[in-house]
Each structure stands twice: as C-alpha cells, then as structure tokens.
Amino acid sequence: DVPNEDNLFAIQGMRPTSTGSEPVGLFIVADGMGGHAHGQEASKLAVHAISDAIVPTLMRQVDNDEVFSDLLRDGVHRANLAIYRRNREQEHMMGTTLTAVLVVAQTAYVVNVGDSRTYLYRAEQGLEQITRDHSVVARLMEDGVIAREDIYTHPKRNQIYRCLGEHATVEVDTFVRTLQADDVLVLCSDGLWEMVHDDEME
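Residues numbered from 1 in each chain as written. Predicted model: local features only at pLDDT ≥ 70, side-chain atom pairs only at ≥ 80, totals over all residues. Heavy atoms only, no water.

Draft legend 1. Fine view of the pairing of strand 1 (residues 6-17). Bridge analysis of strand 1 against strand 2 (residues 20-33) gives 12 bridges, and the strand direction is antiparallel. The residue bridging Asp6 from the neighbouring strand is Asp31, located in strand 2. Connecting strand 1 to the next strand, strand 2, in antiparallel fashion are two residues. (Pairing = 2+ DSSP bridges. Helix = DSSP H or I, 4+ residues; strand = E, 2+ residues; numbered from the N terminus.)

Given below as structure tokens:
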C-alpha cells in the first residue's frame, strides 16, 4: 500500500462582522514531493502552518476585505518557511505544491504554488482553471511551443519550477473571484487533473 503524499484541509463556519455574521471557509490541497514519507510530511506541515495562521484571525472581527488576500499569502509564506527550516535540519529535501481558497461571504481568495489547481465551475460558463501551473509544460503551452492537450503526455510534464520548501522565500500567485449561487470550486493536485482532463471533469 503506497502512502498518499497529498494532504487536505477544510473548515467552514461563520465569522463576526460589524453588521452581523457572514459565512467563511478555508480549503487547502497540498501535494508533497521528496519520497513518500518526506512528501507526506511536507504537505502536512504546509496544511498545518496555513490553517494555524489563518483560522484564529478569521474568527475575529476584521472589516477590511483587503486583509484576506494578505492573510492567505502570509499563511503560505509561513508554510514555506516551516518546510525550508525542516529541510535545513535534514539531508533529504522535501517540498510540496499547494492551492488554497479562502471564501468570505461571496468572495473567493485563491493562491497556488506549483501545479495543484483551483477550478471554478459555473453552469452557464463551464469549467475555468483559476490558477496557473508553475510547470515546464505550462510555460511551453503559454509560449505556444506545445498545444494544451500535449501537457498530459509531454516527457517533462512532472517538472515544476516553483514549490514550497525549496528556498527561504517563495513567490505566491493570488486570484480573487466573486462567487454566485451554485458556483462550485474544485481544488485538486495533478493526481486528479492529469487523469481526468478538463472536459471530463466538467
């Protein structure tokens, strides 16, 4: 039985505001790298660091919406530092990809590092990939060198150029989306999107 290097986290609740309360949710998917035991530890460290940084603040009254993007980004930086420090203590390198979504009322704040993805599904528009993969094949596709369908078969499809834990600092991509009723957010590692292509997922 091969251990899974993915870890996930999900919490939903209500947070206080000056005008009452509003629904919030934090959702994280992390896909570890560096051999099974190390990959599992890296993704677990990431999930714990982010949830520990965000959840207590989320339950306090914060009336400036700009805080939420910063809060999510800060959580990712803390996660990166936790894995990086662990790497400095051991010979074996480990890292993790990550995507996380913080939903506050009708707004989704999205981050990613690596090739774990967040999608938005809206019935009239279909499936949209919100995040951008930090991978060799994604860059080749963006440059017009390969077609989108080649991502699934290209020999370099598993090579990513950004992950948590490799350096003391990491660049984090952030996205903001306004949600509508019946919208569906899908967070997944390459374990899903490589096997179940976008049209099938939709």
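Once you've had a look at it, read on.
Draft legend 2. Spatial organisation of the environment of Val176. Along the chain, the position of Val176 falls in strand 7 (residues 173-178). Val176 sits in the partly exposed class, given a relative accessible area of 45%. Each C-alpha atom, one on Val176 and one on Val110, is 6.1 Å from the other, the two residues being 66 residues apart in sequence. If we skip the residues at most four places from it in the chain, Val176 touches Ser69, Thr107, Ala108 and Tyr109. (Buried < 20%, exposed > 50% of the residue type's maximum accessible area, 1.4 Å probe, protein only. Contact = heavy atoms within 4.5 Å.)

Draft legend 3. Structural view of the pairing of strand 4 (residues 107-113). Within strand 4, seven of the seven residues are buried, which leaves the element mostly enclosed by the surrounding structure. Alternating positions in strand 4 separate into two faces, Thr107, Tyr109, Val111 and Val113 on one and Ala108, Val110 and Asn112 on the other, with burial throughout. Where strand 3 (residues 95-104) lies against strand 4, seven bridges are found, and the strand directions are antiparallel. By the bridge assignment for strand 4, Leu98 is matched with Val113. Count of turn residues in the strand 3/strand 4 antiparallel hairpin: two residues, of which Ala105 carries a positive phi of about 55 degrees. Where strand 4 lies against strand 7, six bridges are found, and the strand directions are antiparallel. Directly across from Val111, in strand 7, lies its bridge partner Thr174.

Draft legend 4. Spatial organisation of helix 2 (residues 66-89). Look at helix 2: 36 Å from first C-alpha to last across 24 residues, which is about the 34 Å you get at 1.5 Å a residue. Those residues of helix 2 that fall on the buried side of the exposure criterion are Phe68, Ser69, Leu71, Leu72, Gly75, Val76, Ala79, Asn80, Ile83, Tyr84 and Asn87. Packed against the buried residues of helix 2 are strand 1, strand 2, helix 1 (36-58), strand 3, strand 4 and strand 7. (Expected span 1.5 Å × (residues − 1).)

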